[in-house]
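The residues making up each chain are set out below.
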Amino acid sequence: MSFANLSSLAQQHPLRMLLVNAGEADAITWAGLVQPLRLAAAQLGRDVLQLETMTPAQVVLAQPGWHLALLVADEQQTPLPPEQCRAVIERCRSAEYWGGVGAGVLWLAKAGLMAGVRIALPWALYADTEDITERAILTPHLFELDGRHLSCCGGAASIDFALTLIEQLFGAGVQATVKESLCVERVRGPEERQRVALQARFGALQPRLSEAVTLMETNIEEPLSTDDIANLVGLSRRQLERLFKQYLGSLPSRYYLELRLQRARQLLLDTNHSIVQVGLMCGFSSGSHFSTAFGALFGNTPREERQRKLQS
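Thresholds applied
- Residues numbered from 1 in each chain as written.
- Predicted model: local features only at pLDDT ≥ 70, side-chain atom pairs only at ≥ 80, totals over all residues.
- Heavy atoms only, no water.
- Helix = DSSP H or I, 4+ residues; strand = E, 2+ residues; numbered from the N terminus.
- Rg over C-alpha atoms; globule rule 2.2 N^0.38 Å.
- Buried < 20%, exposed > 50% of the residue type's maximum accessible area, 1.4 Å probe, protein only.
- Contact = heavy atoms within 4.5 Å.
- Lys, Arg positive; Asp, Glu negative; His and termini not counted.
- Charge placed at Lys NZ, Arg CZ, Asp CG, Glu CD.
- Pairing = 2+ DSSP bridges.
- Axes fitted to C-alpha atoms, helices over the stretch in contact; angles between N-to-C directions.
- Expected span 1.5 Å × (residues − 1).
- Phe/Tyr/Trp six-rings, centres within 6.5 Å; stacked < 30°, edge-to-face > 60°.
- Lys NZ or Arg CZ within 6 Å of the ring centre and 35° of its normal.

Help me understand the overall build of the chain, please; the structure alone is not making it clear to me.
Scanning the chain for helices and strands turns up 15 helices and eight strands. Scaling as 2.2 N^0.38, a compact globule of 312 residues should have a C-alpha radius of gyration of about 20 Å, and the chain matches this with 20 Å. For the chain, buried positions account for 51% of its 312 residues. Taking contacts inside the chain between residues at least 6 apart in sequence as the whole, the part at least 24 apart equals 68%. Each charge class in the chain can be summarised by its mean position, and for the 29 positive and 32 negative side chains these summaries are 3 Å apart.

Honestly, the sheet that holds strand 4 (residues 97-102) in this entry has me stumped. Any pointers?
Adjacent strands of a sheet form backbone hydrogen bonds with each other and so pair up, either parallel or antiparallel. Strands sit in the order 2-1-3-4-8-7 across an open sheet of six strands; the sheet is mixed. Because the sheet does not close on itself, it has two edges, and the strands there are strand 2 (49-54) and strand 7 (143-146). Strand-to-strand twist across the sheet, computed as the mean angle between neighbouring axes with direction ignored, equals 15°. When strand 1 (residues 15-21) meets strand 3 (residues 68-73), the two strands line up parallel, connected through five bridges. Residue pairing for strand 3: L18 is matched across the bridge by A69.

What exactly am I supposed to notice about the pairing of strand 7 here?
The two faces of a sheet get side chains in turn, since along a regular strand they alternate between them. With four bridges joining them, strand 7 and strand 8 (residues 149-152) adopt antiparallel strand pairing. Considered in strand 8, the bridge of D146 is made with H149. In textbook terms, the turn of a hairpin is the stretch between consecutive antiparallel strands, and for strand 7 and strand 8 this stretch comprises two residues, one of which, G147, has a positive phi near 65°.

Which parts of the structure should I look at to understand helix 12 (residues 252-270)?
In an α-helix there are 3.6 residues to a turn, and that puts residues three or four apart on one side. With 19 residues, helix 12 should cover 27 Å at 1.5 Å per step; its first-to-last C-alpha distance of 27 Å lies within 8% of that length. Of all 19 residues that make up helix 12, 14 are buried, and the element is covered over most of its length.

Can you help me understand the packing of aromatic side chains in this one?
In this description, a pair of aromatic rings is defined by centroid distance and the angle of the planes. Scanning all chains against the criterion turns up five aromatic pairs. When the ring of F244 is compared with that of Y255, the centres are 5.6 Å apart and the planes differ by 70°; the resulting orientation is edge-to-face. Residue F244 is located in helix 11 (residues 237-248), and its partner Y255 is located in helix 12; the two are separated by eleven residues in the primary sequence. Residue classification places F244 among the buried residues on the basis of a relative accessible area of 0%. Given a relative accessible area of 2%, Y255 falls into the buried group. When the centroid spacing of 4.7 Å and the interplanar angle of 55° are considered together, the rings of F294 and F298 count as tilted. On the criterion of helical spacing, the pair formed by F294 and F298 is a turn pair, its members being four residues apart in helix 14 (residues 287-298). Judged by its relative accessible area of 14%, F298 is buried. Pairwise contacts between aromatic rings join F284, F290, F294 and F298 into one cluster. One residue, R260, lies across the ring of F284, its end atom 4.2 Å from the ring centre.

This is how it looks when you write it as C-alpha cells:
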C-alpha cells in the first residue's frame, strides 16, 4: 500500500485532521509532527485544511467527522488509563484514515486493532510486543500506510512523516515551502529504515533473526543465499522465513534485496561512484537487473536518482 492512496483525502475540502497529543508538548515525536502541519495549515487556510490538536480528555468530548486522525505519544510515555485509552481510540477510528505515532502505535496494537497490519513501531518498544495477542506485522520502516492504518515510529521521523503527508495531500509545492521554513533539505521516505542496529531491536526478542539480518548487512557485495543464512544461524529455511514474515512482514530474500537497494540508493546520493560501480558494490552483476529492481522499489531509475543529487 502506497502513501499515494491518500489522494482520495486530498479531494476533501476542507480536510479535517485530528492530532491527539497523549504525551508532552515539547517531545520531538509531537513537535516534529505538529509543526510542519501547522505551517501547511497556515499556508493553505481553513478552507483547505482544518488542523485540530487535542488532549485525550478533549477529544472524548469533541464532535467527530475527521478525515484523518492520529494518536501521538513519545515512546517513553506512560500509557493512558484503559477506559480513557479505549474512548480516545474509538474517536480516532471514526476517521477515514487513522493510526498512531510513537507509543500510540503500540497502544493501538495492544488494543487488538492492528492484526495483520504492517506497523512502524519505535524499535525501543519491540520488547513490549509479546502480549499483543492479535499479531501486527512489525516493520523496520520509519512509517507505514496499510489500508486505512497509518503508523510512524516517532522521534525525528515524525518530521519526515508529516512532510510526506503534506506532499501527498496538498502537493509538492506546499511541501517545498514548509521544508524551506524548517530548513529541511531531504525528506526520508516510508521505505527507509530506522537507523538502529537490529541487535538493539530484536536481540533479546529474536536473537537468530538479529543474527540473520546482521549477516545480510555485512554481505552486501556478495550476497548469501537464503539457505546459507539459515544454516549459519542454525535454522531451517522454513523457520527463517516464518521469523521474517512474523517480525518483518517480508521473506528473507525480499528483505535482503531491499537492504541492498537501500545501500545502493545511499551510495548514489552520497558518493561519486558510477552507477555500474554502485550496482556491483551492492551485489548486482547485471546492470539491467539493478535498474529494474531499483525502479520497482523506489519508482525511479538509478540514473534518475543520481540526477536528483546533481540538481539539489
